[in-house]
Amino acid sequence: MDAILVVNAGSSSLKFEVFAIDGPLQRLVEGQMEGIGTTPKLRASGSDGRKLLEQGYPAVEVADLPGATRVVGAWLRETQGVSLAAVGHRVVHGGPDYDSPTRLDETVIERLERFVPLAPLHQPNNLAPIRAFYQRWPNLPQVACFDTSFHRAHSAVADHYAIPQRFHEQGVRRYGFHGLSYEYVSGRVGEIAPDLADGRVIIAHLGSGASMCAIQDGRSIESSMGFTALDGLPMGTRCGQIDPGVLLYLIAQEGMTAEQVQNLLYRDSGLKGLSGISNDVRDLLASDDPRAVFALEYFVYRIGLYAGTLAAALGGLDAFVFTAGIGENSAEMRARISAKLSWLGAKLDPAANAAGEPLISSPDSTIALLVVPTDEELMIARHTLDLIGR
Ligand code: AMP
């Protein structure tokens, strides 16, 4: 059957989903190759959760992302009868230029390679499977969907840092990320609550990566993230907003190298660094260790601060939306965060919150509180289908 493959490639894993396009877009398979280059394992399940495969491979066969791409492609073709009409890729950075999903060709791939310095940890991994498909099947349509593009219409004041203009011109801008999630969720908000489609909405994408976005008339106007996906909220292992003076201190006084600072800020900070226990909110909620309690208090406090900032950017607030792993699954965290929004007139309906209903605010709340599951892969599949004109 004709299908679209959606690919999300990280440093040691390749996540994928397959959507049938014979009728309306329909998710068929989801899976991932993990442990690339060390202990590769391919897992896949059907859209109903039924396990289709769990199989290990020799490290030499899946030594890198191109190797993983070959194995996954062959498995889909040979065992699932999938005939690929196109591949849609999640690409972290579209740089200053790409404000929408883009059909890939040699020229576009080369331009995206130029953005590697803007996202050195992610962009090369996103581009590796694109190259692998392109070399093997040059006529197979491929589409890049960017985490940045939903935010590209930000005003100049939202897009700048207060450093000399030449840095902005060379690409040092406040890009914002999680754009595919925000685009999907804001579309769903318009379907669930049409009166909010042209309203002032904050969406909180709270997963292992976390950010918040201010949406006006369905468009992003401000984000808690900036030049990289480090800024803004504290995350599982990332620090979030930090005084740049701290980095100068680490370099000048502690003698840390750029790589050491990078590892500290990306891998050893956030909830993990604060608690010394775990980066996972479930573990912290289950712990009565004071450091776990403090890490969650800090997380909730910072979300409250950013709600104030983004409400100021919007000039008021009509709705606050929870999404991603923490936002979709933890009634406890939603309740704590909602309490921080009470000054904005938010009132939680505890029963609706406990039941995980889409609308969790009480009727006398002045802002709507919503829970909207995100679906970045479906967003990529839709964009890919649009761009191949099927
Ligand atoms: P995501 O990156 O969107 O997949 O979210 C993953 C994160 O969501 C995990 O690291 C957990 O911290 C969090 N999470 C998932 N399920 C729950 C839950 N039931 N309660 C609290 N946190 C959760």
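By convention here, each chain's residues receive numbers from 1 onward along its written sequence. In keeping with the predicted nature of the model, local features appear solely for residues at pLDDT of at least 70, side-chain atom pairs appear and are counted solely at 80 or more, and the whole-chain, interface and lining totals rest on all residues. Each side-chain value is worked out from all heavy atoms of the structure, with water and hydrogens disregarded.

Draft legend 1. Quick look at the site of the ligand. One heavy atom suffices: a residue is near a molecule or strand as soon as one of its heavy atoms comes within 4 Å of it. Around the ligand, the neighbouring residues are Gly207, Ser208, Asp280, Val281, Arg282, Ala324, Gly325, Ile326, Asn329 and Ser330. Within 3.5 Å is the distance limit for a polar contact, defined as a pair of N or O atoms, with the added protein rule that one can donate a hydrogen and the other accept it, and that residues adjacent in sequence qualify only through two side-chain atoms. At 3.2 Å from an oxygen atom of the ligand is found a side-chain nitrogen or oxygen belonging to Asp280. Within the backbone of Val281, an N or O atom sits 2.9 Å from an oxygen atom of the ligand. Each accessible area value is a Shrake-Rupley result obtained with a 1.4 Å probe; residue values ignore everything except the protein chains displayed when judging cover. For the ligand, whose unbound accessible area comes to 500 Å², protein coverage reaches 71%. Elements that contribute at least two residues to the shell around the ligand include exactly α10 (281–286) and α12 (324–329). With 4 residues, the top contributor of residues to the shell around the ligand is α12. For this classification, the nonpolar set comprises Ala, Val, Leu, Ile, Met, Phe, Trp, Tyr, Cys and Pro, the charged set comprises Asp, Glu, Lys and Arg, and every other residue, Gly included, is treated as polar. Residue composition of the shell around the ligand, by class: 3 nonpolar, 5 polar and 2 charged. Secondary structure elements follow DSSP: runs of H or I of four or more residues count as helices, runs of E of two or more count as strands, with numbering from the N terminus.

Draft legend 2. Seen up close, the nonpolar core. Remark: nonpolar core denotes a set of buried residues (Ala, Val, Leu, Ile, Met, Phe, Trp, Tyr, Cys) joined through side-chain atoms within 4.5 Å. Buried means the residue's accessible area, taken with a 1.4 Å probe over protein chains only, is under 20% of the maximum for its type, while exposed means over 50%, and partly exposed covers the values in between. Core analysis: the biggest nonpolar cluster contains 54 residues, and Leu112, Ile202, Leu206, Met212, Phe299, Ile303 and Phe320 have the highest contact counts within it. Broken down by element, the residue count for this core peaks at 11 residues, all from helix α11 (residues 290–314). Listed in part, the 31 residues of the second largest apolar core include Val6, Ala319, Ala368 and Leu378.

Draft legend 3. The arrangement of the packing of helix α6 (residues 179–192) against helix α15 (residues 376–388) in detail. What counts as an axis is a line fitted to C-alpha atoms, over the stretch in contact for a helix, and the angles between N-to-C directions run from 0 to 180 degrees. Look at α6 against α15: their axes get within 8 Å of each other, and the N-to-C directions meet at 85°. Between α6 and α15, the interaxial angle falls into the category roughly perpendicular. Across from Leu180, Ser181, Glu183 and Tyr184 in α6, the residues of α15 making contact are Glu376, Leu378, Met379, Ile380, Arg382 and His383. Residues of the contact of α6 with α15, tallied by class, amount to 5 nonpolar, 2 polar and 3 charged. Put simply, angles under 35 degrees are roughly parallel, angles over 145 are roughly antiparallel, angles from 65 to 115 are roughly perpendicular, and the rest are oblique. Every residue pair with non-hydrogen atoms within 4.5 Å of one another is taken to be in contact.

Draft legend 4. Expanded view of empty space enclosed by the protein. Points on a 1 Å grid, built from protein atoms alone, make a cavity when a 1.4 Å probe fits but cannot get out and make a pocket when they are open with protein on both sides within 12 Å along at least 5 of 7 lines; residues with an atom within 4 Å of a point are the lining residues. Grid points are joined across faces, edges and corners, and a volume is the space filled by probe spheres set on the points. This structure, assessed with the given rule, holds 1 cavity of 30 Å³ or more. In this model, the largest cavity occupies a volume close to 30 Å³. Of all the elements in the fold, those that place two or more residues in the lining of the largest cavity are β1 (2–9), β2 (14–20) and α1 (65–80). When residues in the lining of the largest cavity are grouped by element, the largest group, 3 residues, is from α1. Classifying every residue of the lining of the largest cavity by side-chain character gives 6 nonpolar, 2 polar and no charged.

Draft legend 5. Looking closely at the packing of aromatic side chains. When the centres of two rings from Phe, Tyr and Trp lie within 6.5 Å, Trp using its six-membered ring, the rings pair. Their planes under 30 degrees apart give stacked, over 60 give edge-to-face, and anything left gives tilted. In total, this model carries 6 aromatic pairs according to the counting rule given. Aromatic side chains Phe320 and Phe322 sit 5.1 Å apart centroid to centroid with 65° between the ring planes, which places their arrangement in the edge-to-face category. By relative accessible area, which is 0% here, Phe320 ends up buried. Residue class for Phe322 comes out buried when judged on its relative accessible area of 0%. An aromatic cluster of at least three residues, connected via ring pairs, comprises Tyr98, Phe115 and Phe146.

Draft legend 6. Focus on the sheet that holds strand β6 (residues 83–91). The pairing criterion is simple: DSSP has to find at least two bridges between the two strands. Read from one edge of the open sheet, 8 strands run β5-β4-β3-β2-β1-β6-β8-β7, paired in mixed fashion. Of all strands in the sheet, those bounded by a partner on one side alone are β5 (51–56) and β7 (102–103). Sheet strands touched by helix α3 (residues 123–136): β1, β2, β6 and β8 (142–146). Its angle to β6, the strand with the most contacts, is close to 160°. Helix-sheet contacts for α15 involve β1, β2, β3 (26–34), β6, β7 and β8, and the interaxial angle to β6 is about 120°.

Draft legend 7. Fine view of the pattern of salt bridges. Whenever a carboxyl oxygen of Asp or Glu lies within 4 Å of a side-chain nitrogen of Lys or Arg, that contact is scored as a salt bridge. For the coordinates displayed, the defined rule picks out 22 salt bridges. The partner of Arg43 in a salt bridge is Glu34, and the shortest N-O contact between them spans 3.1 Å. For Arg43, a relative accessible area of 31% translates into the label partly exposed. With a shortest N-O distance of 3.2 Å, Lys272 and Asp268 are connected by a salt bridge. When salt bridges that share partners are traced, they join Glu34, Lys41, Arg43, Lys51 and Glu54 into one network.

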